Amino acid sequence: EPEVTQTPSHQVTQMGQEVILRCVPISNHLYFYWYRQILGQKVEFLVSFYNNEISEKSEIFDDQFSVERPDGSNFTLKIRSTKLEDSAMYFCATREADKVYEQYFGPGTRLTVT
Amino acid sequence: AQSVSQHNHHVILSEAASLELGCNYSYGGTVNLFWYVQYPGQHLQLLLKYFSGDPLVKGIKGFEAEFIKSKFSFNLRKPSVQWSDTAEYFCAASLLTGGGNKLTFGTGTQLKVEL
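What this report covers is the structure whose coordinates are included nearby. Nothing here was measured: the structure is a model prediction, and the numbers come from that model.

Before going further, it helps to spend a moment on the overall build of chain A. Summing up its helical and strand segments, chain A has zero helices and eleven strands in all. Helices and strands appear in chain A in the N-to-C order β-β-β-β-β-β-β-β-β-β-β. A globule of 114 residues ought to have a C-alpha radius of gyration of about 13 Å, and chain A, at 13 Å, matches this closely. Expressed along its principal axes, the backbone C-alpha trace of chain A runs to roughly 40 × 25 × 25 Å. Counting the 114 residues in chain A, one finds 46% classified as buried. Long-range pairs, those at least 24 residues apart, make up 54% of the contacts in chain A with a sequence separation of at least 6. For chain A, the exposed area adds up to about 5,700 Å²; of that, 45% sits on carbon and sulfur atoms. Averaging the positions of the 11 positive and the 16 negative side-chain charges in chain A gives two centres separated by 3 Å.

Given below as structure tokens:
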């Protein structure tokens, strides 16, 4: 069964550094999402992306965050200058165009900012 | 603001016991509801979903959930749990807004099934 994959599985970075988290969607999926889960807290929506544009973003998704699909396969989340509070599990989710409510989640990237 | 709440944070059951996990939502419009499961070391998987129609929905692995509109609830049930059901369970909801279909999650319920 096709799966969403994410790399790296764990990233440790120093405060102020830039990080890029990568997601490879299932091949026929055109809608992409990023969520995050701070330890002990809810899974929170960050951003949705379709047709090379952001469809919706949350208050969390400020100017420090950006998303792109640089090569038609990977879907990336960039954090320009990481803060301690960015430490979390980041999940990518993707879906087909006509299956509006079926998001498939990747295994997540654990980001630790020190 | 829309929200989803799960009142049971940790549940411990013996094998063959019945399970019911509570989920309540707060939405102003038509809501779509989901239960996701995360087994240890694995990613979130969709257990079941409700869009419309029969309020009792059946999912994978013998799970079912009932949408009760008057109670704003979507509780997850399983008549007889197995050790392999040990996992974290998340209730989630979405509205069709601008095509984004973001999911709003509850805090999750950690289920441990003991032999």
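So, on to the overall build of chain B. Across its full length, chain B holds zero helices and twelve strands. Tracing chain B from N to C terminus, the helices and strands come up as β-β-β-β-β-β-β-β-β-β-β-β. In terms of overall size, chain B behaves like a compact globule, its C-alpha atoms giving a radius of gyration of 14 Å where 115 residues would be expected to give roughly 13 Å. By principal-axis analysis of the C-alpha atoms, chain B measures approximately 45 × 30 × 20 Å. Partitioning the contacts of chain B with sequence separation of at least 6, the portion at a separation of at least 24 is 56%. Accessible area of chain B: about 5,400 Å², with a carbon and sulfur share of 54%. Between the averaged position of the 9 positive side-chain charges in chain B and that of its 8 negative side-chain charges there is a distance of 7 Å.

Bringing the pairing of strand E8 (residues 64-68) of chain B into the picture now. All names here are of chain B. Direction of pairing for strand E7 (residues 56-58) relative to E8: antiparallel, over a ladder of three bridges. For Val57, the partnering residue across the bridge sits in E8 and is Ala65. Two strands pair when backbone bridges link them, and E8 and strand E9 (residues 73-78) are joined in this way by five bridges, in the antiparallel orientation. If you follow Glu66 over to E9, its bridge partner there is Asn75.

Residues and elements named next belong to chain B. For the structure shown, the criterion picks out seven salt bridges over all chains. Of the charged contacts, one joins Arg77 and Glu64 as a salt bridge, the two residues approaching to 3.5 Å between their closest N and O atoms. Here Arg77 is found in strand E9, whereas its partner Glu64 is found in strand E8, with 13 residues between them in sequence. Relative accessible area serves as the criterion here: at 18%, Glu64 is assigned to the buried category. Among the salt bridges present, the one from Glu66 reaches Arg77, with a minimum N-O distance of 3.2 Å. Placement of the pair is Glu66 in strand E8 and Arg77 in strand E9, with a sequence separation of eleven residues.

Bringing the side chain of Thr13 of chain A into the picture now. As for its placement among the helices and strands, Thr13 of chain A is situated in strand E2 (residues 10-13). Overall, Thr13 of chain A belongs to the buried group, its relative accessible area being 7%.

What counts and what doesn't
Here the residue index of a chain counts from 1 through its sequence in written order. Chain labels run from A onward and ligand labels from 1 onward, assigned in the order the entries are written. Under the rules for a predicted model, residues below a pLDDT of 70 receive no local features and side-chain atom pairs below 80 are neither given nor counted, while totals for whole chains, interfaces and linings still include all residues. The basis for every side-chain value is the complete set of heavy atoms in the structure, and neither hydrogens nor water enter the calculation. Strands here are runs of E lasting at least two residues and helices are runs of H or I lasting at least four, both read from the DSSP assignment and numbered beginning at the N terminus. With the radius of gyration taken over C-alpha atoms, the globule rule is written as 2.2 Å times the number of residues to the power 0.38. Relative accessibility under 20% of the residue-type maximum defines a buried residue, over 50% an exposed one, and the middle range a partly exposed one, all with a 1.4 Å probe and only protein chains included. Whether two residues touch is decided by their heavy atoms; if any such pair falls within 4.5 Å, the residues are in contact. Surface exposure here means Shrake-Rupley accessible area, sampled with a 1.4 Å probe, where a residue is shielded only by the protein chains that are shown. His residues and chain termini do not enter the charge count, which takes Lys and Arg as positive and Asp and Glu as negative. To locate a charge, the coordinates of NZ of Lys, CZ of Arg, CG of Asp or CD of Glu are taken. In short, DSSP must find at least two bridges between two strands for them to pair. A pairing counts as a salt bridge when a side-chain nitrogen of Lys or Arg comes within 4 Å of a carboxyl oxygen of Asp or Glu.

These results come straight from atomic positions and should not be treated as a statement about function.
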